[in-house]
Amino acid sequence: MATEQIKMPQLGESVTEGTIERWLVKPGDTVEKYDALAEVNTDKVTAEIPSSFSGTIKELLAGEGETLEVGAPVCTIETEGGGEAEPEASPAADEPANEMPAAGSDKPENLSGTKGTNSSPASQKQAGGRYSPAVLRLSQENGIDLSQVEGSGKGGRITRKDLLSLIESGNIPKEGSRPAAEPAKEAAPAPSQPAASQPAASSKPAERPAAGVETAAGDIEIPVTGVRRAIANNMLRSKHEAPHAWTMVEVDVTNLVSYRDSLKADFKKKEGFNLTYFAFFVKAVAQALKEFPMMNSMWAGDKIIQKKAINISIAVATEDALFVPVIKDADEKTVKGIAREVNELAAKVRSGKLKSDEMQGGTFTVNNTGSFGSVQSMGIINYPQAAILQVESIVKRPVVMDGGMIAVRDMVNLCLSLDHRVLDGLVAGNFLARVKEILENITAENTSVY
């Protein structure tokens, strides 16, 4: 018999950790290779951890709700013989994320950035290793003294969620300040300014009560799911790291509405799915991104990366979560092709069959907020992308036309949120103007859905 480890897989190109949402096995269970062992959540996807071996589960090394870095062991399994190799595992899964340098920075000699050995308690809790790239980057950007942070991860490890909790509370330990782990004994906080919560010695940040929030009779406490926690963390990171700016244009889509309405019945009968307005909007955005490639960029610390592929992320909501599947190479697809993919991805989300690779690689997000009746909104950028476009409801309004005539037209607002580190008003304004021009010139004579 041989004992093998199953490790936390890397479920996305920028994913550094995952949270065990639910174990599907228990010690003593017999599993086959590729059987699902646990459901895991990251800030990008919910997926299953497959077994790399056939054998018997020996020990679960992480509890439900616990967050582990990529490459960290999650369970052990007893196999017959010496076990099998793991051909599917990525190199990152075999090399713990805490051994990698932070993106855009030199690999540190130790936690303080000086030569020698850092003997602080926090560094000892890191098991002699370095922090994950996400932790290092976040601490550097916010001036957080990591030696004074109490980690909630396994073995006292500091996780990105610990730092986000400190940032949100405003209780950021700086160089020379009292360690965050030391409770304040001098004085109680003033009633008007409740004490900021500290990271608990637990890997379940959702269980730390928010400062000043009390439960009264009749209130309902709703447990925070792994998916909801991942959404919250990604939104907080986006709002904290990316300086948001907003702009909006209104578009006359009367011709588009008339053209689509003339096609929709025959299209549904022929193709078997709906021809939506949204497909035309996604196509127009993809076309404009080819002409304004800077909009298809990402901030990467000491550089900006302009992406070649135009992969449009679309937001699909369920009752309690939001997923962002990706239409790959949207600029190469017809309106029909985009409509088909939107329909298929939405169906997969709502049936729980969306795969992790279908949520990877997005470069720009288009959100169909108009489906809820919204007419104006300010979206939070889908980090690390540089912009998100909200397509609002199409409404009939009286509009003053050329020559002073007033006519009832189909109008829609397009609301753009942008990362001001990457994009400025000039390129964003020109991009929106081009999207507007494309949409306003859609007619049966010059536009084909095939």
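Residues numbered from 1 in each chain as written. Predicted model: local features only at pLDDT ≥ 70, side-chain atom pairs only at ≥ 80, totals over all residues. Heavy atoms only, no water.

**Student:** Which parts of the structure should I look at to understand the overall build of the protein chain?
**Tutor:** A tally of regular secondary structure across the protein chain gives 9 helices and 19 strands. For the protein chain, the proportion of its 450 residues judged to be buried stands at 46%. Within the protein chain, counting contacts between residues at least 6 apart in sequence, those at least 24 apart form 66% of the total. Accessible area of the protein chain: about 22,400 Å², with a carbon and sulfur share of 52%. (Helix = DSSP H or I, 4+ residues; strand = E, 2+ residues; numbered from the N terminus. Buried < 20%, exposed > 50% of the residue type's maximum accessible area, 1.4 Å probe, protein only. Contact = heavy atoms within 4.5 Å. Areas by Shrake-Rupley, 256 points an atom, 1.4 Å probe, with all protein chains shown as cover.)

**Student:** Even after reading the chapter, I still don't get the confidence of the model for the protein chain, so can you show me in this structure?
**Tutor:** Scored by pLDDT, the protein chain comes out at a mean of 80, with 77% of its residues at no less than 70. Contacts for the low-pLDDT stretch residues 178-209, under 50 throughout, to residues beyond four places or in other chains number 46 contacts. (pLDDT = per-residue confidence, 0-100.)

**Student:** For this particular structure, what's the right way to read the packing of aromatic side chains?
**Tutor:** Remark: the centre distance and the inter-plane angle together describe each pair of aromatic rings, the angle taken between the planes. As enumerated under the stated definition, the model contains 4 aromatic pairs in all. For the pair F267 and F273, a centre-to-centre distance of 5.3 Å together with 85° between the ring planes defines the contact as edge-to-face. Note on accessibility: F267 and F273 belong to one class, buried. We classify F267 as buried; its relative accessible area is 3%. Put simply, the rings of F267, F273 and Y450 touch in pairs and so form one group of aromatic residues. The ring centre of Y277 lies 4.3 Å from the NZ or CZ of R260, which sits over that ring. (Phe/Tyr/Trp six-rings, centres within 6.5 Å; stacked < 30°, edge-to-face > 60°. Lys NZ or Arg CZ within 6 Å of the ring centre and 35° of its normal.)

**Student:** I would appreciate a short explanation of the sheet that holds strand β1 (residues 2-7) in the present structure.
**Tutor:** Within a beta sheet, neighbouring strands are joined by backbone hydrogen bonds and run either parallel or antiparallel to one another. With antiparallel pairing, 4 strands are arranged side by side in an open sheet as β1-β8-β6-β3. Each end of this open sheet is capped by a strand with a single partner; those strands are β1 and β3 (30-31). In the sheet, β1 pairs with strand β8 (residues 73-79) via 6 bridges, with the strands oriented antiparallel. By the bridge assignment, K7 is partnered in β8 with P73. (Pairing = 2+ DSSP bridges.)

**Student:** How should the environment of I144 be read in this particular structure?
**Tutor:** Looking at where I144 falls in the secondary structure, it is placed in the loop between α3 (133-142) and α4 (160-169). What makes I144 buried here is its relative accessible area of 8%. Measuring from C-alpha to C-alpha, the distance between I144 and L163 comes to 8.2 Å, with 19 residues separating the pair along the chain. Setting aside its immediate chain neighbours within four residues, I144 contacts L138, S139, V149, L163, I167, I172 and P173.

**Student:** What am I meant to see in helix α6 (residues 254-271) here?
**Tutor:** Residues that lie three or four places apart on an α-helix share one face, since the helix turns once every 3.6 residues. Between its first and last C-alpha, α6 extends 25 Å over 18 residues, near the 26 Å set by a 1.5 Å rise per residue. Along α6, the residues classified as buried are T254, L256, V257, Y259, R260, F267 and E271. Backbone geometry just downstream of α6 places G272 in the positive-phi region, at approximately 90°. (Expected span 1.5 Å × (residues − 1).)

**Student:** I would appreciate a short explanation of the pattern of salt bridges in the present structure.
**Tutor:** Where side chains of opposite charge bring their charged atoms close, a pairing between them can arise. Within the structure shown, the criterion is met by 17 salt bridges. We note a salt bridge from E358 to K348, for which the minimum N-O separation is 2.5 Å. Pair noted here: E358 is in the loop between α8 (335-351) and β16 (364-367) and K348 is in helix α8, with a separation of 10 residues, a long-range link. Here E358 falls in the buried class, since its relative accessible area comes to 15%. When its relative accessible area of 30% is taken as the criterion, K348 is described as partly exposed. (Salt bridge = Lys/Arg side-chain N within 4 Å of Asp/Glu carboxyl O.)

**Student:** How should I be thinking about the nonpolar core in this particular structure?
**Tutor:** Taken as a class, soluble globular proteins show a tendency for nonpolar side chains to be buried jointly. Counting residues in each nonpolar core, the largest one holds 60 residues, and the members touching the most others are V285, I312, F364, L414, L416, F431 and L439. No other element matches helix α7 (residues 277-291), which puts 10 residues into this core. With sequence-adjacent residues up to four places away left out, V285 is seen in contact with I312, F364, V366, L389, F431 and V435. Within the second largest apolar cluster, 20 residues are counted, among which are V31, L37, A38 and A62. (Core = buried A, V, L, I, M, F, W, Y, C linked by side-chain atoms within 4.5 Å.)

**Student:** Honestly, the packing of α7 against α8 in this entry has me stumped. Any pointers?
**Tutor:** Two quantities define a packed helix pair, namely the angle between the helix axes and the distance between the axes. α8 packs onto α7 with a crossing angle of 120° between their chain directions and a minimal axis gap of 9 Å. Taken as a pair, α7 and α8 cross one another with a handedness that is right-handed. Between α7 and α8, the contacting residues are F278, A279, F280, V282 and K283 on the first element and V335, I338, A339 and V342 on the second. Looking at the contact of α7 with α8 residue by residue, the classes come out as 8 nonpolar, no polar and 1 charged. (Axes fitted to C-alpha atoms, helices over the stretch in contact; angles between N-to-C directions. Left-handed = near helix turned anticlockwise from the far one by under 90°. Nonpolar A, V, L, I, M, F, W, Y, C, P; charged D, E, K, R; others polar.)

**Student:** Even after reading the chapter, I still don't get the environment of G63, so can you show me in this structure?
**Tutor:** Its location among the elements puts G63 in the loop between β6 (55-60) and β7 (67-69). The class of G63 is partly exposed, set by a relative accessible area of 31%. A C-alpha to C-alpha distance of 8.3 Å links G63 and W23, two positions 40 residues apart in sequence.

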